Amino acid sequence: MIVLDSYTYLLLTLMLAVGYDLVGANTLKAIAGIGVSCAAIVLFADRAEVAWFAGGLMSLGGVAGAWVGAKLAASERSKVWVFRLLVITIVGEIVRMVWR
Amino acid sequence: MTQYLLLFIGGLAAGFINTLASSGSAVSLPIFLFLGFSPHVANATNRLNVLAAACSSAIVFAHQGKIDWGHAPHVLAPTVSGAVFGALLADWLPNRALRWVIILAVVMSLILVLAGTKRFLRAPQREYLTFGWPQMGLLFLVGIWAG
C-alpha cells in the first residue's frame, strides 16, 4: 500500500510552516533525505530487509534521474509545474483514501 | 534482463520525481512489489534509491550554491530523530492505531495546503522545532506504512 510520501510532508512543512520557497525547501529536503534514509537503511539492514543488488541497480537510475531533476528544479519556470504536481499528488491521495 | 531494466528505469523516474517534488516512491515501490519482493523488503530497499537520489541532487544543489547550510542542522535533527523514533513506535503500535495516525497525517497535510494559500512568514526557529519534531515523527510512521 502506498501512502503520501513522507517527503511531501517535509516539503509542505518547510514551505508553509518555516517559510522557504520551493527551491529552498527542495534543497533542504535533499539534505534531510540523506540523513533520514541513512538512519532507515541502518535500522532495516539490521533486520536483514534490504535487497542490496536490486536496490543498488535502482539507485543507479535514481542518481541519474535526481541529477536531471535537480538541474530542472532550480529554474523559475519549473516551479509552477512542481506545485501542480504536488497538489495533484495530495488530492489523489485524499480521493484514494475516501474511496476505500 | 527485463527486470534489471525495469529497476533502472524505475529508479530514474523515482529519482527525478523525488527531486522535483516528492512521492517518487509511488513509482519505485510498486516495481519492487511487482518483482516479488515482500512489502517490508520493498520499503527497506527503496530507501537505497531515496538515499542515492538525495545525494545526487544535494551535490547539484550544493554546486549551484542553493543550500541553506546554516539551517541544515535544524532540519536534520528533528527529521532523523523523528525517523528513528517513528521506526521504534511503528514496532510498538498495533496496526489499527497506525492507520489512524496516517489518516491524521494526510488530513493535516490538506489543512497545511489550504492554510498555505497565504504563505506564512518565516517562523522563529524555536517555533519550527516544536512544530517539526512531532511532525517528523509522523513522517516516518507514514514512511514505514508505505511498505
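About the criteria used
- Residues numbered from 1 in each chain as written.
- Chains lettered and ligands numbered in written order.
- Predicted model: local features only at pLDDT ≥ 70, side-chain atom pairs only at ≥ 80, totals over all residues.
- Heavy atoms only, no water.
- Helix = DSSP H or I, 4+ residues; strand = E, 2+ residues; numbered from the N terminus.
- Buried < 20%, exposed > 50% of the residue type's maximum accessible area, 1.4 Å probe, protein only.
- Contact = heavy atoms within 4.5 Å.
- Areas by Shrake-Rupley, 256 points an atom, 1.4 Å probe, with all protein chains shown as cover.
- Patch = residues over 30% accessible without salt bridge, like charges linked within 9 Å, V, L, I, M, F, W, Y side chains within 5 Å.
- Salt bridge = Lys/Arg side-chain N within 4 Å of Asp/Glu carboxyl O.
- Core = buried A, V, L, I, M, F, W, Y, C linked by side-chain atoms within 4.5 Å.
- Axes fitted to C-alpha atoms, helices over the stretch in contact; angles between N-to-C directions.
- Parallel < 35°, antiparallel > 145°, perpendicular 65-115°, else oblique.
- Left-handed = near helix turned anticlockwise from the far one by under 90°.
- Nonpolar A, V, L, I, M, F, W, Y, C, P; charged D, E, K, R; others polar.
- Polar contact = N/O pair within 3.5 Å; in protein donor to acceptor, adjacent residues only side chain to side chain.

Peer 1: Tell me about the overall build of chain B, and name the residues and values.
Peer 2: Each helix and strand counted, chain B has 6 helices and 0 strands in total. When each of the 147 residues of chain B is scored for burial, the buried share is 48%. Partitioning the intrachain contacts of chain B with sequence separation of at least 6 by distance along the chain shows that 69% fall at a separation of at least 24. A total accessible area of about 7,400 Å² is found for chain B, and carbon and sulfur atoms account for 73% of it.

Peer 1: Give me the lowdown on the overall build of chain A, citing residues and values where you can.
Peer 2: Helices and strands together make up the secondary structure of chain A, namely 4 helices and 0 strands. Mapped in sequence order, the helices and strands of chain A form the string α-α-α-α. Taken across its 100 residues, chain A has 58% of its residues classed as buried. Restricting to contacts in chain A with at least 6 residues of sequence separation, those with at least 24 account for 56%. Accessible area for chain A stands at about 4,300 Å²; split by element, carbon and sulfur atoms hold 73% of it.

Peer 1: Lay out the environment of Thr13 of chain A with the relevant residues and their values.
Peer 2: All names here are of chain A. Checked against the element boundaries, Thr13 lands in helix α1 (residues 6–18). Thr13 gets classed as buried once you look at its relative accessible area, which sits at 0%. Sequence-wise, Thr13 and Val68 are 55 residues apart; in three dimensions their C-alpha atoms are separated by 25 Å.

Peer 1: Quick rundown of a nonpolar patch on the surface? Include the residues and the values.
Peer 2: A grouping of Leu60 of chain A together with Leu5, Phe8, Ile9 and Leu12 of chain B is seen on the molecular surface, where their side chains present a nonpolar patch of about 440 Å² in accessible area. Examined against the element boundaries, Phe8 of chain B turns out to sit in helix α1 (residues 2–20). For Phe8 of chain B, a relative accessible area of 31% corresponds to the partly exposed category.

Peer 1: Outline the environment of Val91 of chain A, supporting the account with residue identities and numerical values.
Peer 2: Residue and element names in this part refer to chain A. Mapped onto the fold, Val91 is located in helix α4 (residues 76–99). Val91 gets classed as partly exposed once you look at its relative accessible area, which sits at 44%. Residues Val91 and Ile34 lie 57 residues apart in sequence; the distance between their C-alpha atoms is 27 Å.

Peer 1: Quick one: what's the story with the nonpolar core, residue by residue and with numbers?
Peer 2: Grouped together as the largest cluster of nonpolar side chains are 30 residues, with contacts concentrated most on Leu10, Leu14, Met15, Ala25 and Leu28 of chain A together with Phe61 and Val75 of chain B. Of all the secondary structure elements, the ones that give two or more residues to this core are α1, α2 (22–46), α3 (52–73) and α4 of chain A together with α3 (39–63) and α4 (72–92) of chain B. Non-local contacts of Ala25 of chain A, meaning those with residues more than four positions away in its chain, are made with Leu11, Leu14, Met15 and Tyr20 of chain A. Ala54, Leu57 and Met58 of chain A together with Phe32 of chain B belong to the second-largest nonpolar core, a separate cluster that totals 10 residues.

Peer 1: Give me the lowdown on the packing of α1 of chain B against helix α2 (residues 25–34) of chain B, citing residues and values where you can.
Peer 2: All names here are of chain B. Contact geometry for α1 and α2: axes closest at 8 Å, N-to-C directions at 160°. With respect to their mutual orientation, α1 and α2 come out roughly antiparallel. The two elements α1 and α2 cross, and the hand of that crossing is left-handed. Residue-level contacts link Leu6, Leu7, Gly10, Ala13, Ala14, Ile17 and Asn18 of α1 to Ser25, Val27, Ser28, Ile31, Phe32 and Phe34 of α2. Taken together, the residues that form the contact of α1 with α2 break down as 9 nonpolar, 4 polar and no charged.

Peer 1: Quick rundown of the side chain of Ser56 of chain B? Include the residues and the values.
Peer 2: Positionally, Ser56 of chain B belongs in helix α3. A polar side-chain atom of Ser56 of chain B sits 3.5 Å from the main-chain amide nitrogen of Trp67 of chain A. Beyond its immediate sequence surroundings of up to four residues, Ser56 of chain B is in contact with Val63, Ala66 and Trp67 of chain A.

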